[in-house]
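Structure assessment
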Amino acid sequence: MSGYDQAAVSGGTTDTGVLGGAASGTKVVLLMGPPGAGKGTQASRLAETHDLLKLSTGDMLRSHVKQGSELGLRAKSLMDEGVLVPDDLIIAMVRGELESSTPVRVLLDGFPRTTAQAEALDVLLSELGAPIDAVVVLSVDSEELVRRLLGRAKAEGRSDDNEDTIRTRMQVYQEQTRPLLDYYKAAGKLHRVDGVGSEAEVSERINAILEAGRKS
Ligand code: ADP
């Protein structure tokens, strides 16, 4: 199987641009894509380049697990299985972070992952007066994804990077998260980026999209 996101997402750019909330100084960028597409790495690079707060729900959850908080205790077994943590817990966690970022200048990595999360995000952002500027989807074929994830398992020892869990996470992505791409495409916000290449090359592709929006 290849071309993970290609069927759902055709056409890279939109005519609505990426200007969004520039007038009010807000900026909201969503980074999406299957497990192993490189969201975490690119999120850190982009947050720095564009002066955005990186909100990675996976990192936030792993930090709760490490601290042994109540949320962490609830999340751990779900994460180890590769299934999603319940929407209400995730939404409350993201809400707290977004509300304390003024003006809202964020890069969301790994959120939203379900329709309920996407709808909650829309409500929250409209309350905060910060529209979504761009949704960037990293596209990588499935063989390469599995190869990367198994490689990461060796290097970082993440407990959810084993073959069974990887399979579940891919399936969860296909069933619950991929449909969101159509939602953002219909809203004219979606930009698909080839996620294969060096970290710098992929960053350049994303930067080109964000910069093009700024000029338009
Ligand atoms: P990946 O994209 O490689 O699967 P993440 O670090 O984004 O990795 O997520 C790891 C795990 O954390 C997920 O498999 C899931 O259990 C949980 N998780 C992260 N973000 C969310 C979210 N937005 N909603 C529900 N669960 C989440």
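Described in the following lines is the structure provided in the data block. (Residues numbered from 1 in each chain as written. Predicted model: local features only at pLDDT ≥ 70, side-chain atom pairs only at ≥ 80, totals over all residues. Heavy atoms only, no water.)

**Description of the packing of helix α4 (residues 87-99) against helix α5 (residues 115-128)**
Two elements in contact, α4 and α5, have axes whose closest approach is 10 Å; the angle formed by their N-to-C orientations is 25 degrees. Judged by the angle between their axes, α4 and α5 are roughly parallel. Taken as a pair, α4 and α5 cross one another with a handedness that is right-handed. Contacts between α4 and α5 involve D87, I90, I91, R95, L98 and E99 from the first element and A116, Q117, A120, L121, L124, L125, E127 and L128 from the second. Taken together, the residues that form the contact of α4 with α5 break down as nine nonpolar, one polar and four charged. (Axes fitted to C-alpha atoms, helices over the stretch in contact; angles between N-to-C directions. Helix = DSSP H or I, 4+ residues; strand = E, 2+ residues; numbered from the N terminus. Parallel < 35°, antiparallel > 145°, perpendicular 65-115°, else oblique. Left-handed = near helix turned anticlockwise from the far one by under 90°. Contact = heavy atoms within 4.5 Å. Nonpolar A, V, L, I, M, F, W, Y, C, P; charged D, E, K, R; others polar.)

**Some thoughts on unusual backbone geometry**
The peptide bond linking T102 to P103 adopts the cis configuration, its omega dihedral lying at -10 degrees. Position of P103 relative to the elements: it lies in the loop between α4 and β3 (105-109). A cis amide bond, omega 0 degrees, links F111 with the succeeding residue P112. At D51, a position not held by glycine, the phi torsion is positive, near 55 degrees. Position of D51 among the secondary structure elements: in the loop between α1 (39-49) and β2 (53-56). The class of D51 is exposed, set by a relative accessible area of 59%. (Buried < 20%, exposed > 50% of the residue type's maximum accessible area, 1.4 Å probe, protein only.)

**With respect to the site of the ligand**
The ligand sits among 19 residues. The nearest are T57, R62, V83, Q117 and R169. Here an oxygen atom of the ligand and a backbone polar atom of V83 are 2.6 Å apart. For the ligand, a nitrogen atom lies 3.1 Å from a polar atom in the backbone of V85. Here the ligand has 550 Å² of accessible area as a free molecule, and 97% of this is covered by the chains. The residue makeup of the shell around the ligand, split by class, is eight nonpolar, four polar and seven charged. (Near = heavy atom within 4 Å. Polar contact = N/O pair within 3.5 Å; in protein donor to acceptor, adjacent residues only side chain to side chain. Areas by Shrake-Rupley, 256 points an atom, 1.4 Å probe, with all protein chains shown as cover.)

**Overview of the side chain of Q42**
Residue placement: Q42 occurs in helix α1. Not counting residues within four places of it along the chain, the set of residues in contact with Q42 comprises L31, L138, E199, V202, S203 and I206.

**Some thoughts on the environment of L190**
The residue L190 is located in strand β5 (residues 190-194) in this model. Along the sequence, L190 and A134 sit 56 residues apart, while their C-alpha atoms lie 6.4 Å from each other.

**A few points about the pattern of salt bridges**
Scanning the model with the defined rule gives 13 salt bridges in all. Linking R147 and E144 is a salt bridge whose minimum nitrogen-to-oxygen distance equals 3.0 Å. Of this pair, R147 and E144 both sit in helix α6 (residues 142-156), three residues apart, which is roughly one turn of the helix. Residue E144 is classed as buried on the basis of its relative accessible area of 17%. Within this structure, R152, R158, D160, D161 and R169 form a network of salt bridges that share partners. (Salt bridge = Lys/Arg side-chain N within 4 Å of Asp/Glu carboxyl O.)

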